[in-house]
Amino acid sequence: MAKYVYADNASTTPVSKEVIDAMMPCFETCWGNPSSLYEKGRDAKDLMDDARERIAKVFNAKANEIYFTSCGSEADNWAIKGTALKMREKGKNHIITSKIEHPAVLNSCRALEKLGFKVTYLDVDEYGVVDLDMLRCSITENTGLVAVMFANNEVGTIEPISEICDIAHAKGALVFTDAVQAVGNIDIDLSKLPVDMLSLSGHKIHAPKGIGMLFIRRGVNIANLIDGGAQERRKRAGTENVPYIVGLAKALEIAKEKLDDIPRVRKMRDRLISELTKIPYSKLNGSRENRLAGNVNISFEYIEGEGMLLWLDIAGIAASTGSACSSESLDPSHVLLAMGVPHEKAHGSLRLSISHETTDEDIDYIIETLPGIVKKLRDMSPLWEEVEKAKIKN
Amino acid sequence: MKYSEKVMDHFTHPRNVGEIEDADGVGVVGNAKCGDIMKMYLKIDENDVIVDCKFKTFGCGAAIATSSMATELIKGHTVQEALKLTNSAVVEALDGLPPVKVHCSVLAEEAIKTALADYYKKIGRPVDFEIEKSHEGEE
Ligand SMILES: Cc1ncc(COP(=O)(O)O)c(C=O)c1O
């Protein structure tokens, strides 16, 4: 069989066998509406309640702090827009976020700006860490929410959420963190980490696409986004997706167990970084240490990312890029640009995101395959031609 | 987004990649900031026939494929014929491009016209055609 290496786990993950097995009874037998009073409904409700309890346990939270949503994007939208609508009642209209958030957060904030809210987009340093001084300077009594992601999806940078909570809470602002990428990589204990809200998404941790979750700490009150029936304690309407909720619970439990395996993933990541940055004119984007265990993001100068992806795909390797060509817009990755990476280097970025399913052989294969692809593309690049000519002259 | 088999063929086996040392016309279009640059080299004989044509491209799969196809479409043809090559002819020859990639074919057309303008200047012929500059004004 042809070699296949999936190195795009930050994009999505395959649903695991255990998760499928856990979900099957919800389709086959317990398919009732959890709001119904008869047995079929009660059975479904029991499964859902049990899932909620188990998820709460994973995060050391309470079951009534867990709200299921249709995806990570919905949870992000809800946390931000729901908080904005509520804080306006208290006369607050300022939100602080960062320049490197996922579009679900950035575009929610932009939508609120159109409604008259003021938004500050925090700068990041060259490694993608948010500028805490800028946070301290821009936060006022008028700030109702600080929304900063737990870990970045493109460069894997882990943000100082604990310190952000201290700064925000001192001014009476709520803190929301998008933990979609952090979950499964970092142990999150919500009895210790004082965030007010946290979002996550199932499909990044081997549950299906189309299930997300928002943790809302007890005592924190945000406006509803999806109005309708009384589901999710009247906070989020819509007949619950019981199978996926059960799948999410299973996936989160497994992800927690697998945290023990993170040092091995980190080792594979470090080997990829060490070997791939040996390619001339390459540079790691983000921090060497302060990054998610499975994230590698490297820019290769004088070539463009999409070409790399196409050749990698032919070689059976799935990866992603921050190049504009893959984004359907003219600009490359907003994250790399915010970190000060020049446009031309951002166009040549490659993200490899590995997981505990990745093997040492997979890493070997990537290390063997990529240099040839970079060379092939450089050999037909007019920019590389100039570099080579300059070398001959000197 | 999916590329046609033709596009993938020209991307994986680009025709006429390289440089021409003593080219009669050279054209460079695009910029690194926008993520694509095409450089065209033309060798033209005394009868205005493009006897050789080579390219180098920094850019996505579509940029490489359109450059490759454009060189094939003009090689062996006269300068007058090459001036008539439109971006849509390149797209058609590639069995289509995804809509977001059509600008790559525009760049290929520009690259050829820019190289031809360079040739005209070199031989002292007035440049009597216009080149649309798709990347100008994009900051
Ligand atoms: C950081 C981050 N936030 C939010 C999302 C959106 O999650 P979903 O695809 O479930 O809407 C993603 C993934 O696409 C992500 O990486």
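For the structure itself, consult the block above.
Everything numeric here is computed off the predicted structure, so don't read it as measured data.

A. Just the overall build of chain A, in detail. For chain A, the helix and strand inventory stands at 14 helices and 12 strands. Expected size for 394 residues packed as a compact globule is a radius of gyration near 21 Å; at 22 Å, chain A falls within 12% of this value. Dimensions of chain A, computed from the C-alpha atoms along their principal axes, are close to 80 × 55 × 35 Å. Split into buried and exposed, the 394 residues of chain A put 58% on the buried side. Counting only contacts in chain A whose residues sit at least 6 apart along the sequence, the fraction spanning at least 24 positions is 71%.

B. How the structure looks around the site of the ligand. Residue and element names in this part refer to chain A. Taken together, the neighbourhood of the ligand is formed by 13 residues, with Ser 73, Asp 178, Gln 181, Ser 201 and Lys 204 sitting nearest. In this structure, an oxygen atom belonging to the ligand sits 2.9 Å away from a side-chain N or O atom of His 203. The contact in question runs from an oxygen atom of the ligand to an N or O atom on the side chain of Lys 204, over 2.8 Å. Protein contacts shield 88% of the accessible area of the ligand, which totals 390 Å² for the unbound molecule.

C. Quick peek at the interface of chain B and chain A. Taken together, the contacts link 26 residues of chain B with 22 residues of chain A. Between chain B and chain A, the buried area comes to about 2,100 Å², and carbon and sulfur atoms account for 69% of it. On the chain B side of the interface with chain A, the three residues burying the most area are Phe 11, Lys 33 and Phe 58 of chain B, jointly 26% of the side's total. Where chain B packs against chain A, one counts four salt bridges. Glu 385 of chain A is the salt-bridge partner of Lys 39 of chain B, the closest N and O atoms lying 3.3 Å from each other. Taken together, the links from chain B to chain A amount to 11 residue pairs in polar contact (both at pLDDT 80 or more). Contributions of two or more residues to the side of chain B that touches chain A are made by α1 (5–12), β2 (36–44), β3 (50–58) and α2 (61–74) of chain B.

What counts, and at which threshold
Residues numbered from 1 in each chain as written. Chains lettered and ligands numbered in written order. Predicted model: local features only at pLDDT ≥ 70, side-chain atom pairs only at ≥ 80, totals over all residues. Heavy atoms only, no water. Helix = DSSP H or I, 4+ residues; strand = E, 2+ residues; numbered from the N terminus. Rg over C-alpha atoms; globule rule 2.2 N^0.38 Å. Buried < 20%, exposed > 50% of the residue type's maximum accessible area, 1.4 Å probe, protein only. Contact = heavy atoms within 4.5 Å. Near = heavy atom within 4 Å. Polar contact = N/O pair within 3.5 Å; in protein donor to acceptor, adjacent residues only side chain to side chain. Areas by Shrake-Rupley, 256 points an atom, 1.4 Å probe, with all protein chains shown as cover. Buried area = accessible area lost by both parts, 1.4 Å probe. Salt bridge = Lys/Arg side-chain N within 4 Å of Asp/Glu carboxyl O.

By themselves, these observations are geometric and do not establish any function.
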